[in-house]
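Here is how the chains run, residue by residue.
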Amino acid sequence: MSQETIATLNTLPESRQLYTDVCHIIDDTRNRVAVYVNAEVCRTYWYVGKRIKEDVLYNRRAEYGKQVVRNLSVRLTDRYGSGWSYSTLQHCVRAAYTFTEEEIVYAVRIQLTWTHLRALMSISDPLARKFYMQMCRYEHWDTRTLDAKIDSQLYERTAISRRPEEVIAKTLDESEDKGTMTPDLVFRSSYFLNALGLPDTFTEHDLESAIISQMQEFITEMGTDFAFLARQKRITVDATDYYIDLLFYHRGLRRLVAIDLKLGKFKPEHEGQMRLYLRYLDRNERREGEESPIGLILCSEGNTEHIEYLMLDEQSPIKVAQYFTQLPDKRVLSEKLQRAIAIARERCHERQQEKDD
């Protein structure tokens with residue numbers, strides 16, 4: 001049929017509505033089929049891995065296990081065709097070692113793909129792995145985004161990683177059950193703003209302008225639940241005007257988020273200024289059903305103790321973080337983050353002991 005004929009049919013009102021309705025039916029069915037197929041693929045791979053794992057563990061010989069998997073791959077490929085290579089079966093076994101059946105059921109329920117699961121297998125820390133699963137659910141990450149977040153050590157940069165392990169586990173479990181976010185899951189100790197393309201030297205105004213012009217990249221780093229509201233939000237207190245650099249709303253937290261941009265290290269007076277902003281927002285801008293506003297002070301230089309103290313204070317509505325306009329060396333950053341996590345958890349332990357005493 002010619003394009004002219006199709007164009008003519010599309011102009012008929014009854015033809016257009018019928019076509020739209022039928023397309024919706026077909027698209028909905030395709031989506032349901034895709035979800036079902038993905039779920040069954042993940043389950044199948046996990047059960048295959050579990051069965052191989054049981055056989056290998058029973059015989060307790062590594063070399064025996066490798067040969068069994070190779071032989072099985074040849075026989076499955078002969079029967080079912082491509083898709084059952086030695087490496088695929090290895091991934092199946094790794095999945096069985098990495099995930100419990102309950103975790104696989106949860107992963108399928110939140111529509112993670114097998115590629116998502118393969119990316120998560122690279123994470124040895126079960127709490128970090130669960131964190132990334134939760135974030136995939138909340139922010140609907142595709143596998144490329146998940147890989148990028150893991151590579152940027154998002155978990156290690158997030159406030160929750162500073163808590164004792166039992167607190168992290170409890171927070172993640174509650175988040176999974178209730179489907180809600182907490183500030184510890186949202187805010188981080190450092191942010192990578194290299195996508196803004198800033199020069200080596202810049203002003204706070206330059207940084208703010210770059211964020212506005214590259215808002216999509218900024219929100220990608222901050223988290224997709226952030227919604228931009230205002231730049232240089234003016235507030236008036238005792239006939240004096242103050243300006244909040246950036247004002248956002250976080251949908252998951254149901255809070256206004258005031259962001260202050262600073263060059264150099266964090267200073268105590270920055271906290272006092274932010275508290276003034278938050279009191280004003282709480283009294284004049286907060287709407288019914290919203291939680292109290294929260295503030296984020298972004299500094300170009302990190303002074304670890306100040307940042308850690310404010311990150312660990314659950315009662316404080318103010319968070320402090322360092323931002324990087326150039327990506328730091330991955331190894332150096334990893335060492336720094338691991339050291340900060342260890343120090344923070346030790347402080348949490350000391351504070352708990354003081355309370356118990």
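Heads up: the structure comes first, above all this text.
Within every chain, residues take consecutive numbers counted from 1 along the sequence as written. Two thresholds apply to this predicted model, a pLDDT of at least 70 for residue-level local features and 80 or more for giving and counting side-chain atom pairs, whereas whole-chain, interface and lining totals are computed over all residues. Heavy atoms from the whole structure form the basis of all side-chain values; hydrogens and water molecules are not counted.

With that settled, consider the overall build of the protein chain. A tally of helices and strands in the protein chain yields 16 helices and six strands. For the protein chain, with 357 residues in total, the buried portion stands at 42%. The contact definition used throughout considers only heavy atoms, calling two residues in contact when any of these lie within 4.5 Å. Sequence separation of at least 24 residues holds for 65% of the intrachain contacts in the protein chain that already meet a minimum separation of 6. Here the Shrake-Rupley method, with its probe set to 1.4 Å, supplies the accessible areas, and only the displayed protein chains count as covering residues. For the protein chain, the accessible surface area stands at approximately 20300 Å², while carbon and sulfur atoms represent 49% of it. Going along the chain from the N terminus, every DSSP run of H or I of four or more residues is numbered as a helix, and every run of E of two or more is numbered as a strand. Only protein chains enter the accessibility calculation, which uses a 1.4 Å probe. A residue is then buried if its area is under 20% of the maximum for its type, exposed if over 50%, and partly exposed in between.

A word on the side chain of His270. Of note, His270 is situated in helix H14 (residues 268-284). Judged by its relative accessible area of 10%, His270 falls in the buried class. When sequence neighbours within four positions are dropped, the list of residues in contact with His270 reads Lys262, Lys265 and Ile297.

Once that is clear, we can look at the packing of helix H7 (residues 126-139) against helix H10 (residues 165-178). Fitted lines through C-alpha atoms serve as axes, helices being fitted only where they are in contact, and the angles separating the N-to-C directions of these axes extend from 0 to 180 degrees. For the pair H7 and H10, interaxial distance at closest approach is 10 Å and the crossing angle is 25°. Considered as vectors, H7 and H10 are oriented roughly parallel to each other. Between H7 and H10 the crossing geometry is left-handed. Counted together, Leu127, Lys130, Phe131, Gln134, Arg137 and Tyr138 of H7 and Glu165, Ile168, Ala169, Leu172, Asp173, Ser175 and Glu176 of H10 form the full contact between these two elements. Each residue is assigned to one of three groups, with Ala, Val, Leu, Ile, Met, Phe, Trp, Tyr, Cys and Pro labelled nonpolar, Asp, Glu, Lys and Arg labelled charged, and all others, Gly among them, labelled polar. Across the contact of H7 with H10, the residue classes break down as six nonpolar, two polar and five charged. Should an angle fall under 35 degrees it is called roughly parallel, over 145 degrees roughly antiparallel, and 65 to 115 degrees roughly perpendicular, with every other angle called oblique. Each helix crossing is assigned a hand: it is left-handed if the near helix lies turned anticlockwise from the far helix by less than a right angle, otherwise right-handed if that turn is clockwise.

So, on to the pairing of strand E4 (residues 255-262). Burial within E4 is extensive, with eight of its eight residues counted as buried. Burial along E4 is two-sided: Arg255, Val257, Ile259 and Leu261 and Leu256, Ala258, Asp260 and Lys262, pointing in opposite directions, are all buried. Connecting the antiparallel pair strand E3 (residues 240-250) and E4 is a turn made up of four residues, with Arg254 showing a positive phi of about 55°. Looking at chain direction, E4 and strand E5 (residues 294-299) are connected through six bridges and run parallel. Considered in E5, the bridge of Leu261 is made with Leu298. For the segment spanning E4, H14 and E5, crossover handedness is right-handed. Each pair of strands is called paired provided DSSP finds at least two bridges between the two strands. Crossover handedness is defined by viewing with both strands directed away from the observer: a clockwise path from the first strand over the helix to the second marks the crossover as right-handed.

Below, the discussion takes up the pattern of salt bridges. Salt bridges are defined as contacts in which a side-chain nitrogen from Lys or Arg sits within 4 Å of a carboxyl oxygen from Asp or Glu. All chains considered together, the criterion is met by 16 salt bridges. Across the pair Asp225 and Arg251 runs a salt bridge whose closest N-O atoms are separated by 3.2 Å. In this pair, Asp225 is assigned in the loop between helix H13 (215-222) and strand E2 (226-237) and Arg251 in the loop between E3 and E4, connecting sequence segments 26 residues apart. The class of Arg251 is exposed, set by a relative accessible area of 52%. Each of Lys130, Asp173 and Glu176 takes part in a single network of salt bridges with overlapping partners.

Before going further, it helps to spend a moment on the packing of helix H5 (residues 101-109) against H7. Orientation of H5 relative to H7, taken along the N-to-C sense of each, is 20°, at an axis distance of 11 Å. Relative to H7, the element H5 is oriented roughly parallel. Crossing of H5 against H7: the hand is left-handed. Listed contacts from H7 to Glu103, Tyr106 and Ala107 of H5 are Met133, Gln134 and Arg137. The residue inventory of the contact of H5 with H7, partitioned by class, reads three nonpolar, one polar and two charged.

The element strand E6 (residues 318-324) is extensively covered by neighbouring structure, given that seven of its seven residues are classed as buried. Neither face of E6 is open: one carries Ile318, Val320, Gln322 and Phe324, the other Lys319, Ala321 and Tyr323, and all of them are buried. The pairing of strand E1 (residues 190-192) with E6 spans three bridges and is classified as parallel. Of the residues in E6, the one forming a bridge with Ser190 is Gln322. Here five bridges tie E5 to E6, and the two strands are oriented parallel to one another. Among the inter-strand pairings, Leu298 is bridged to a residue of E6, identified as Ala321.

Of all the residues in helix H8 (residues 143-151), the buried ones are Leu146, Lys149 and Ile150. Looking straight down H8, one finds that the buried residues subtend no more than 100° of arc, so they occupy a single side. At its buried positions, H8 is contacted by helix H6 (114-120), H7, helix H9 (154-157) and H13. Looking one or two places after H8, you find Gln153, whose phi comes out positive at around 60°. The directions from the helix axis to the C-beta atoms form the arc being described.

Any pair of aromatic rings gets described here by the distance separating the centres and the angle formed by the planes. Classification of ring pairs rests on two measures: the distance between centres of Phe, Tyr or Trp rings, Trp counted by its six-membered ring, which must be within 6.5 Å, and the angle between planes, read as stacked under 30 degrees, edge-to-face over 60 and tilted in between. What the rule picks out here adds up to ten aromatic pairs. Judged by centre distance (5.8 Å) and plane angle (65°), the ring pair of Phe192 and Phe324 falls under edge-to-face. Of the two residues, Phe192 sits in strand E1 while Phe324 sits in strand E6, which places them 132 residues apart along the sequence. Side by side, Phe192 and Phe324 carry an identical accessibility label, which is buried. A centroid spacing of 5.5 Å and a plane angle of 65° characterise the contact between Phe228 and Phe248, whose relative ring orientation is edge-to-face. Residue Phe228 is located in strand E2, and its partner Phe248 is located in strand E3; the two are separated by 20 residues in the primary sequence. Looking at Phe248, the relative accessible area reads 1%, which means it is buried. Ring pairs connect the aromatic residues Phe187, Phe218, Phe226, Phe228 and Phe248, which therefore count as one cluster. One cation-aromatic arrangement involves Arg157 over Phe192; the distance from NZ or CZ to the ring centre is 4.2 Å. Look at NZ for Lys and CZ for Arg. If either is within 6 Å of the ring centre and within 35 degrees of the ring normal, a charge sits over the ring.

Limitation: the analysis is restricted to geometry and does not speak to function.
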